[in-house]
Amino acid sequence: MKTNVISEADLKLGRYRIDPEAPLLEVEDLHVEFRIEDGIVKAVNGLAYTLGKGETLAVLGESGSGKSVSHHAIMGILDTPPGYVTKGSVKFRGVELLAPHKKTGTLDHVVPEIRGTRVAMVFQDALTALNPVFTVGWQIGEMFRVHEGLSRKAAKQRAIEMMDRVKIPSAKERVNSYPHEFSGGMRQRVMIAMALSLDPEVIIADEPTTALDVTVQSQIMDLLKELQQDTGMGLVLITHDLAVVAEVADSVVVMYAGRRMEKGGIEEIFHSAAHPYTLGLMKSIARPDVHLERLEPIMGSPPDLLDIPPGCPFHPRCEYVIDRCRVEIPELYAIDEHHSSACFRWQEVQIHV
Amino acid sequence: MGRYLIRRVLQFIPVFFGATFLLFALVFVMPGDPIRALSGDKPLEPAVIEALQERYNLDKPFYQQYAIYITNVMKGDFGTDFRGRPVSDIMKTSLPITVRLALLAFAFEVVIGLTAGVIAGVRKGKFFDSLVLISTLIVIAIPIFVLGFMAQIVFGLKLGWFPISGYRDGIYSLLLPAMVLASLSLAYIARLARTSLVENLRADYVRTAKAKGLSTKRVIGIHTLRNSLIPVATYLAVDLGALMGGAIITETIFNLPGLGRAVFDATRSQEGTVVIGIATFLVIVYMIANLLVDVLYGILDPRIRYE
Ligand SMILES: Nc1ncnc2c1ncn2[C@@H]1O[C@H](COP(=O)(O)OP(=O)(O)OP(=O)(O)O)[C@@H](O)[C@H]1O
Ligand SMILES: [Mg+2]
């Protein structure tokens, strides 16, 4: 585990003031929108979380809830235009990553130095996420060539070491293969090797196992868990998969329409959920600990992000809806130290669990 | 790969016979009598006509003429025109001009077309992009001979920047014709490069490249461009063949003594052997260009497998 001291890598970030006591990642009130012809797609509307050292945070939510987009914003790889960060703050170890743009007033990501080196990302579908025309050795090695100035030969050697580290068999022979020549699981290992190559402190894994079959899924998760234990890095795990959440996560953020609906430790989310949406998710996706007779999808459909309903965005689909929900956006109610819910009726919801 | 190449080269054989046969048949059915055309107004003696017909095998049936011709071609003899000049000589003098013209046009396509397309793609929706889209559309819409005459009048006659016609000033007299010859493909290349780049910029691997902390220059210049250039490079290779054969109009407008002009003249004076000889040569150039495309495709895109 890394200790709370300024490391050599920190010194490279000289012009920023790294706070050794600060959490790895602090996201506050993050807002992202896409300005398209049809209007403004409000994809992220106030996401917030804190990721500590060695912690695994699961970000859970239906498709379209803004899980990917918010993390593109955190990484500074949002497609601009049409995507803009309009509000909020992202801090990496106390260093603010966002700053207002002089003209537009939207927020720019202004610390490119951390991208890929301190905060790395693993994407869902490694077949499309890797460049089809370069060998995997070239693509992993690029991290060393670009960021550490290594020669081609030395970089390739390091790429082989990284491939060994993520347990790709006969790495030395496979280093010159192209992405399409690997199986799905091996390809995902290549992605992980690439993300890990510069010893980042945070890895954001965006549905890293969704494209894989079940046995390979658990192998990849085991690998991530193991690597995390070795390095003490923080892991943000974006996923639909409750089994994965239950197995590896320390805490969970539940997102809906770009908002944080509930946040809590793994126990609290699974056994004393305090938001109707979380409850709905639990009933609609297969979970490892409780055998459900049948899966009940949440009634209705996700909101149109061009026109999010007033009040709580979940109210049109909510069993617990009261008049107040239609007009007022619920604040985040602290249930206990680590558990909070954005529902007026969280107490009643929790009793029904 | 080796076996694939051999198979592709073997495919040249039927294409070669098919193309020459077709050309031969077309020339055979061309209206008019070449020997009479040769003599102009003054009628020839019947004995002379007969002698000429025999010398050029015009008295024999079609298939026999074809067989004689093909046998000679295999021996490297493309025959002579009616004035007794070997067709291979005509090719030897006119080919270098056409090759220079084609290469120059090719260079324009690569340098101007590709650059314009790439910049337009990077600045999608901005002024330069619109400029490229509109100007290429205009070039595509105007027939090449109109463009050729316009260029000749404006840049040659009015402004006097370039020679109007002929090949007296060497490469310099090829600049304007090469630009005209290149214009259509240049417009296509610019559009193809732009579309391909815009499309690739949306690809997942571009996001990965950004997430790796690479500079925008590297993300676009290496990761995106390398993929975007696959269709452009293959188009360029096909075009190299097309440029060689497509110079007929340009060479005629600018009065350049190249292959295209030779074919044009030969068609008018019904010099069958010349037409067939040059056309056959162009067919071979086309086939080689096509083979080049397929090989290039495999080199640029490792996902392509040769079988
Ligand atoms: N370029 C874009 N233009 C317009 N809208 C966009 C764009 N990119 C994303 N969005 C919108 O942002 C919203 C959030 O998308 P996001 O990809 O973050 O969802 P997600 O939670 O990751 O879903 P999934 O589980 O399917 O990956 C979606 O409704 C999507 O339509
Ligand atoms: Mg996503």
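So, how was this worked out
- Residues numbered from 1 in each chain as written.
- Chains lettered and ligands numbered in written order.
- Predicted model: local features only at pLDDT ≥ 70, side-chain atom pairs only at ≥ 80, totals over all residues.
- Heavy atoms only, no water.
- Helix = DSSP H or I, 4+ residues; strand = E, 2+ residues; numbered from the N terminus.
- Buried < 20%, exposed > 50% of the residue type's maximum accessible area, 1.4 Å probe, protein only.
- Near = heavy atom within 4 Å.
- Polar contact = N/O pair within 3.5 Å; in protein donor to acceptor, adjacent residues only side chain to side chain.
- Nonpolar A, V, L, I, M, F, W, Y, C, P; charged D, E, K, R; others polar.
- Pairing = 2+ DSSP bridges.
- Axes fitted to C-alpha atoms, helices over the stretch in contact; angles between N-to-C directions.
- Contact = heavy atoms within 4.5 Å.
- Expected span 1.5 Å × (residues − 1).
- Arc of directions from axis to C-beta.
- Domains from an automatic or database assignment.
- Buried area = accessible area lost by both parts, 1.4 Å probe.
- Salt bridge = Lys/Arg side-chain N within 4 Å of Asp/Glu carboxyl O.

Summing up its helical and strand segments, chain B has 13 helices and zero strands in all. Mapped in sequence order, the helices and strands of chain B form the string α-α-α-α-α-α-α-α-α-α-α-α-α. By principal-axis analysis of the C-alpha atoms, chain B measures approximately 85 × 55 × 30 Å. The buried share of chain B, reckoned over its 307 residues, is 43%.

Residue and element names in this part refer to chain A. The environment of ligand 1 is formed by 15 residues, the closest being Ser63, Gly64, Lys67, Ser68 and Val69. Measuring from an oxygen atom of ligand 1, one finds a side-chain N or O atom of Ser63 at 2.4 Å. For ligand 1, an oxygen atom lies 2.9 Å from a polar atom in the side chain of Lys67. Listed by contribution, the elements that provide at least two residues to the shell around ligand 1 are β1 (25-36) and α2 (67-75). By residue number, the principal contributor to the shell around ligand 1 is α2, which donates three residues. Classifying every residue of the shell around ligand 1 gives six nonpolar, six polar and three charged.

We now examine the sheet that holds strand β3 (residues 56-61) of chain A. Residue and element names in this part refer to chain A. Reading across the sheet, the eight strands line up as β8-β9-β10-β3-β11-β12-β14-β13 and stay open at both edges, with mixed pairing between neighbours. In this open sheet, the two strands that pair with only one neighbour each are β8 (119-122) and β13 (333-336). If you compare each strand with its neighbour and ignore which way they point, the axes differ by 20° on average. Direction of pairing for β8 relative to strand β9 (residues 202-206): parallel, over a ladder of four bridges. Residue pairing for β9: Val119 is matched across the bridge by Val202. Contacting β3, β8, β9, β10 (234-239) and β11 (251-256), α2 crosses the sheet at an angle of about 150° to β8.

Here we take up helix α8 (residues 214-231) of chain A. Residues and elements named next belong to chain A. Helix length check: α8 (18 residues) gives 26 Å between terminal C-alpha atoms against 26 Å at 1.5 Å per residue, within 8%. Within the span of α8, buried status applies to Val216, Gln217, Ile220, Met221, Leu223, Leu224, Leu227, Gln228 and Thr231. Looking straight down α8, one finds its buried side chains confined to an arc of 155°; they lie on one side. Opposite its buried face, α8 presents the exposed residues Val214, Thr215, Gln229 and Asp230, each directed more than 90 degrees away. Those residues of α8 that are buried are in contact with β3, α5 (152-165), α7 (184-196), β10 and α9 (242-248). Phi turns positive one or two residues past the end of α8, at Gly232, with a value near 75°.

Moving on to the domain arrangement of chain B. Residue and element names in this part refer to chain B. The domains assigned to chain B are domain 1 (2-74) and domain 2 (95-300). The distance between the C-alpha centroids of domain 1 and domain 2 comes to 33 Å. On the side of domain 2, 17 residues touch domain 1, which itself brings 18 residues to the contact. Across the interface of domain 1 and domain 2, roughly 1500 Å² is buried in total on both sides, 79% from carbon and sulfur atoms. For Asp294, the salt bridge is made with Arg8, and the minimal N-O distance between the two is 2.2 Å. Inspection of the domain 1/domain 2 interface yields two residue pairs in polar contact (both at pLDDT 80 or more). Ranked by residue count, the leading element in the side of domain 1 that touches domain 2 is helix α1 (residues 2-28), at 12 residues. When grouped by side-chain class, the residues that make up the side of domain 1 that touches domain 2 number 14 nonpolar, two polar and two charged.

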